[in-house]
Amino acid sequence: MAEAEQQDGVSGAPAAPRYRGALHPDTWEQELEAIPMFMKRCPAEIDAARQPELACLQSLLFDEERSPAELATMYKNEGNEYFKEKDYGRAVAAYSEGLRRRSGDAELDAVLLTNRGAAHFHMGNYRSALNDAIQAKKLKPTHLKAIIRGALCHMELKNFSEALAWCEEGLLIDSKEKKLVEMRAKADKLKRTQERDARKAKVMESKEQHQKEILLAAIKERNIKLVLEPSDEEEEVSDGLAEISLDGFHSDSATGAKVHLDADGNLNWPVLFLYPEHEQTDFTVAFHENSRFIDHLMVMFAELPPWDLEKKYLPNNLELYFEDEEREEMYEVNPEHTLLQVLQHERYFVKAGTPTVLVFAKRSSFSKKYFSGKKVHRL
């Protein structure tokens, strides 16, 4: 709906003439603006001492001798002025005050609700705007503006089926209402698209679930143990793979890599290499389960890394370990072994879907200090 939409209860009026009279020729427009009758907008706050005329006019709104309907109408008009100025927050407040007067006039209350809904809509409060449209329609079922507003809200909330229903309801009142005719066509198209996308998503979800089940079966078949990182709600899991999902077992969110089966039915894992001495890491996105560690090391250390100033990290001068955190024990890994052989070790647990290996230079003073206090199972 266009920003300059007409509010219920607002009629066009000719612009007031400008009188110069005794006003200063250079500042007459500003002086005229200070006169309540000629003000183009109401000040946010009124100082009774400096603006007694405005204070007097404002007090009329709270005249106890006026009927609730009269007060509600005044608040409606005030809200309409704020709405025209696009001051939607104050418009909402004014319409709300009008509703609190409990005028007893269903049509007036329906207008207040519809107008407040329009202000909420322009503020992006689509749920509040919809609630106002619903209440307005209850008070006056044939109130077309409320029906249009409700349909617009459902469109913004992507409730296309509901938007269609509201359009159909409005077109029963006025079959030629252009906004409803156009909105119905748009809602119908978007509804069909939404339903198609939902069907596609369901098929994809079913396919992914089937692939997960095949993957879990492959992991279980190899006697590989998975572990969830402990959290406030989750405990470690090592058995019962048939009852678990892979949702918590892959590093997908951090690296985009996760364990998967290739076309030949072999597992490929993301593997993390840690170098504690230098606080460095390497990450292999897809480590084939039948590949040997030494083959990867030969590629990774074909050139010395920039952090290896002592030139100790050579493929044949490295020791590999995995850590059993529960027992605080270290197990040396034979570089000639494949990834699958390591993962099948009785004390190896794959955490968060990413096997981890610690790498040290042979006979380094750092590794001796690192192993201090831990039981080390060497080859």
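The name given to the protein in an unreviewed UniProt entry is Cns1/TTC4 wheel domain-containing protein, with the source organism recorded as Zosterops borbonicus. Here the protein is described in UniProt, under the heading Sequence similarities (unreviewed entry), as follows: "Belongs to the TTC4 family."

Before going further, it helps to spend a moment on the confidence of the model for the protein. When the pLDDT values of the protein are averaged, the result is 84; 76% of them are 70 or greater. Considering only residues more than four positions removed or in separate chains, one finds that residues 12–21, a stretch of pLDDT under 50, has 9 contacts. For residues 231–254, every residue scores under 50 in pLDDT, and the model assigns this stretch 47 contacts once sequence neighbours within four places are set aside.

Another aspect to go through is the pairing of strand 5 (residues 318–324). Of all 7 residues in strand 5, 6 are buried, a share of seventy percent or more. Relative to strand 8 (residues 356–361), strand 5 is paired through 4 bridges, and the arrangement is antiparallel. Following the sheet pairing, Leu 318 is matched in strand 8 by Ala 361. In terms of strand pairing, strand 5 meets strand 6 (residues 329–333) through 5 bridges, oriented antiparallel. Across the sheet, Leu 320 pairs through a bridge with Val 333, a residue of strand 6. Between strand 5 and strand 6, which pair antiparallel one after the other, the connecting turn spans 4 residues, and Glu 328 there sits at a positive phi close to 55°.

Nonpolar side chains tend to gather and get buried jointly when the protein is soluble and globular. Membership of the largest hydrophobic core comes to 32 residues, with the highest contact counts inside it found for Ile 224, Leu 267, Trp 269, Phe 273, Phe 293 and Tyr 313. Secondary structure elements with two or more residues in this core: helix 9 (178–221), strand 3 (267–275), helix 11 (293–300), strand 5, strand 6, helix 12 (339–343) and strand 8. Here this core takes 5 residues from strand 3, the largest share from any one element. With 20 residues, the next largest nonpolar core counts Ala 133, Leu 152, Met 183 and Ala 187 among its residues.

Right, let's get into the pattern of salt bridges. Scanning the entire structure with this criterion turns up 20 salt bridges. For the salt bridge of Glu 97 with Arg 100, the shortest nitrogen-to-oxygen distance reads 2.8 Å. Taken together, the residues span about one helical turn, with Glu 97 and Arg 100 both in helix 4 (residues 88–100) at a distance of 3 residues. Between Arg 222 and Glu 289 there is a salt bridge, and its shortest N-O distance comes to 2.8 Å. With Arg 222 in the loop between helix 9 and strand 1 (225–227) and Glu 289 in the loop between strand 4 (280–288) and helix 11, this pair connects stretches of sequence that are 67 residues apart. With respect to class, Arg 222 is no different from Glu 289; both count as buried. Linked through salt bridges whose partners overlap, the residues forming this network are Glu 97, Arg 100 and Arg 101.

What counts and what doesn't
- For every chain, the first residue of the written sequence is number 1, and numbering continues from 1 onward in sequence order.
- Where totals are concerned, whole chains, interfaces and linings use all residues; where local detail is concerned, this predicted model gives features only for residues with pLDDT of at least 70, and gives and counts side-chain atom pairs only at 80 or more.
- Side-chain measures were taken over the full set of non-hydrogen atoms in the model, leaving aside hydrogen atoms and water.
- UniProt positions are given in the numbering used here, feature names are shortened, and annotations may be inferred rather than shown by experiment.
- For every residue, the predictor reports its confidence as pLDDT, a number between 0 and 100.
- Throughout, a residue-residue contact means that at least one pair of heavy atoms, one from each residue, lies within 4.5 Å.
- Residue exposure (1.4 Å probe, protein chains only): buried if accessible area is under 20% of the type maximum, exposed if over 50%, otherwise partly exposed.
- For helices the rule is a DSSP run of H or I covering at least 4 residues; for strands it is a run of E covering at least 2, with both sets numbered from the N terminus onward.
- The criterion for strand pairing is that DSSP finds at least two bridges linking the strands in question.
- Take the buried Ala, Val, Leu, Ile, Met, Phe, Trp, Tyr and Cys residues and link them wherever side-chain atoms come within 4.5 Å; each set so joined is a nonpolar core.
- We count a salt bridge whenever a side-chain nitrogen from Lys or Arg sits within 4 Å of a carboxyl oxygen from Asp or Glu.

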